[in-house]
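Fold and geometry: a report
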Amino acid sequence: QVHLVESGGGLVQPGGSLRLSCAASGSIFSIYAMGWYRQAPGKQRELVTTITRGGRTYYADSVKGRFTISRDNAKNTVYLQMNSLKAEDTAVYYCNADVEVVPGQEGVDYWGLGTQVTVSS
């Protein structure tokens, strides 16, 4: 079993910054890709950003230039630095990890429970 625990959410004013963290623990050989998704009220969950084990990143157009994803492979942890936050960034942010549970086999997808980010004055 693998557990993902997010932290760092909260209330911030427009233009402010937050840093999210997500730590994975459990039966992990390694982690292929990690990422962040978000879901705003009344909307579908959407991909925000991903990072491969080697550090290659992808960003949704809506967050390019404002958000930065990084990871610490030794700690099985992924981070999301969010700057210049806007009201439309308000959502529950979910951590996702594609975990290599058995060496050499296809990864298994795991999700955290989410952390609320609210951008409001």
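The structure displayed is predicted, hence computed values, not measured ones.

Tracing the backbone through its elements, the reader meets Arg71 in strand β7 (residues 67-72). A distance of 2.9 Å separates a polar side-chain atom of Arg71 from the backbone oxygen of Ile31. Among the polar contacts made by the side chain of Arg71, one reaches the main-chain carbonyl oxygen of Thr52 at a distance of 3.2 Å. Aside from chain neighbours lying at most four places away, what touches Arg71 is Ile31, Tyr32, Ala33, Met34, Ile51, Thr52, Arg53, Thr77, Val78 and Tyr79.

Pairing is antiparallel in the open sheet, where four strands are placed in the order β1-β3-β8-β7. Two strands bound the open sheet, and with one partner strand each, they are β1 (2-7) and β7. Within this sheet the neighbouring strands show an average axis-to-axis angle of 15°, counted without direction. One ladder, built from six bridges, connects β7 with strand β8 (residues 77-82); its direction is antiparallel. Across the sheet, residue Asp72 finds its bridge partner in β8, namely Thr77.

Scoring rules and cut-offs
- Residues numbered from 1 in each chain as written.
- Predicted model: local features only at pLDDT ≥ 70, side-chain atom pairs only at ≥ 80, totals over all residues.
- Heavy atoms only, no water.
- Helix = DSSP H or I, 4+ residues; strand = E, 2+ residues; numbered from the N terminus.
- Polar contact = N/O pair within 3.5 Å; in protein donor to acceptor, adjacent residues only side chain to side chain.
- Contact = heavy atoms within 4.5 Å.
- Pairing = 2+ DSSP bridges.
- Axes fitted to C-alpha atoms, helices over the stretch in contact; angles between N-to-C directions.

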